[in-house]
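Next come the chains, spelled out residue by residue.
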Amino acid sequence: MRSVMSSNVESGQEVLTTAATLSVETVVFTELRGRAYAIKGILDRVFAAVFLVVLAIPIAVIAVLIKVTSPGPVFVKQMRVGRFGKPFAFYKFRSMLKDAELLRDGLEDDNFHEAPMVFKMRRDPRVTPIGRFMRRTSLDELPNLFNVVRGDMSLIGPRPPLPREVAHYQQRHMRRLAAMPGMTGLWQVRGRSEIPFENMVEIDLEYIERWSLWLDLYIVLKTPSAVFGGRGAW
């Protein structure tokens, strides 16, 4: 059994409380173990490091724009749930007002997502102007490259959920945690936030069951059109 943790972030401090204890050891996917998956992990770190070097100037420019256009930190650190339920610190560019979490309670009635544990708004008033552009182009996720280098994430895989989402998972939903979470994946190239939660789970399980390096290559090639098309990005 693995303990899944939930977190509240206040003034940079994470307060962890046990939200649920669910078993994932019974889920065994031989496709995600062995030499091929080990090669995937090595390629992830190498390419992520290369991307960080190549994108160093754009990353610096985005950081400056965030800092000068709205008060608050450049980066946001969240607790996310990774492979086999292991929590990790997830980094992204701040795309919202600095007190966004404090403002969320007053917006719950505007949540369009059919899964109550997932919060999504098409016109979230907490998103800054530059944050809206970053979200549409997925530039806010560039700091995820640091997570890939650290070994918390992969370049391709299911998106890492928040602990409050995992606390509501049923056992079948937990199966999506059998893969290393990724920056992009099958769900993202098929529509992102426009896809209902249960369909997202099915797509993630399809990825896990069909996984191969060729499937990862297919997703990499499809990602640019999904990002620049902006479908399902809010």
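Above this text is the structure in question.
The model shown is predicted, which means the values in this text are computed figures rather than measured ones. (Residues numbered from 1 in each chain as written. Predicted model: local features only at pLDDT ≥ 70, side-chain atom pairs only at ≥ 80, totals over all residues. Heavy atoms only, no water.)

Draft legend 1. Quick look at the pairing of strand β4 (residues 87–93). Summarising burial for β4: five of the seven residues are buried, a large majority. In this structure, strand β3 (residues 75–81) lies alongside β4, joined through seven bridges in antiparallel fashion. From the neighbouring strand, Met79 faces β4, where its bridge partner is Ala89. Between β3 and β4, which pair antiparallel one after the other, the connecting turn spans five residues, and Phe84 there sits at a positive phi close to 60°. (Buried < 20%, exposed > 50% of the residue type's maximum accessible area, 1.4 Å probe, protein only. Helix = DSSP H or I, 4+ residues; strand = E, 2+ residues; numbered from the N terminus. Pairing = 2+ DSSP bridges.)

Draft legend 2. Quick peek at the environment of Ser138. Mapped onto the fold, Ser138 is located in the loop between α4 (129–137) and α5 (144–150). Between the C-alpha atom of Ser138 and that of Phe93, which follows or precedes it by 45 residues, the distance is 10.0 Å.

Draft legend 3. How the structure looks around the pattern of salt bridges. Applying the stated criterion across every chain yields a total of 10 salt bridges. Between Arg172 and Glu198 there is a salt bridge, and its shortest N-O distance comes to 2.7 Å. Here Glu198 lies in helix α9 (residues 197–210) and Arg172 lies in helix α7 (residues 171–174), a separation of 26 residues in the sequence. Arg172 sits in the partly exposed class, given a relative accessible area of 29%. Classification of Glu198 as partly exposed rests on a relative accessible area of 36%. Between Arg172 and Glu202 there is a salt bridge, with the nearest N and O atoms lying 2.0 Å from each other. Placement of Arg172 in helix α7 and of Glu202 in helix α9 is noted, with a sequence separation of 30 residues between them. Among the charged side chains, a network of salt bridges with common partners joins Arg172, Glu198 and Glu202. (Salt bridge = Lys/Arg side-chain N within 4 Å of Asp/Glu carboxyl O.)

Draft legend 4. View of the packing of aromatic side chains. Counted by the stated rule, this structure contains five aromatic pairs. Here Tyr37 and Trp211 contribute two aromatic rings whose centre-to-centre distance is 5.1 Å and whose plane-to-plane angle is 80°, an arrangement assigned as edge-to-face. Of this pair, Tyr37 sits in helix α1 (residues 35–54) while Trp211 sits in the loop between α9 and α10 (213–229), and the two are 174 residues apart along the sequence. According to the relative accessible area criterion, Tyr37 is buried, its value standing at 10%. Using a relative accessible area of 7% as the deciding quantity, one classes Trp211 as buried. Pairing Phe75 with Phe93 gives two aromatic rings, centres 5.3 Å apart and planes at 20°, and the pair type is stacked. Here Phe75, found in strand β3, pairs with Phe93, found in strand β4; they are 18 residues apart in sequence, far enough to count as distant. (Phe/Tyr/Trp six-rings, centres within 6.5 Å; stacked < 30°, edge-to-face > 60°.)

Draft legend 5. Here's a closer look at the packing of α1 against helix α2 (residues 56–69). The contact between α1 and α2 brings their axes to 4 Å, and the two run at 65°. Taken together, the residues of α2 that come into contact with α1 (itself represented by Leu52, Val53 and Val54) are Ala56, Pro58 and Ile59. Split by residue class, the contact of α1 with α2 holds six nonpolar, no polar and no charged. (Axes fitted to C-alpha atoms, helices over the stretch in contact; angles between N-to-C directions. Contact = heavy atoms within 4.5 Å. Nonpolar A, V, L, I, M, F, W, Y, C, P; charged D, E, K, R; others polar.)

Draft legend 6. Quick peek at the side chain of Gln188. Here Gln188 lies in helix α8 (residues 186–189). Judged by relative accessible area, Gln188 falls into the buried class, the value being 8%. Within polar-contact distance, the side chain of Gln188 engages the backbone nitrogen of Gly185 at 3.0 Å. (Polar contact = N/O pair within 3.5 Å; in protein donor to acceptor, adjacent residues only side chain to side chain.)

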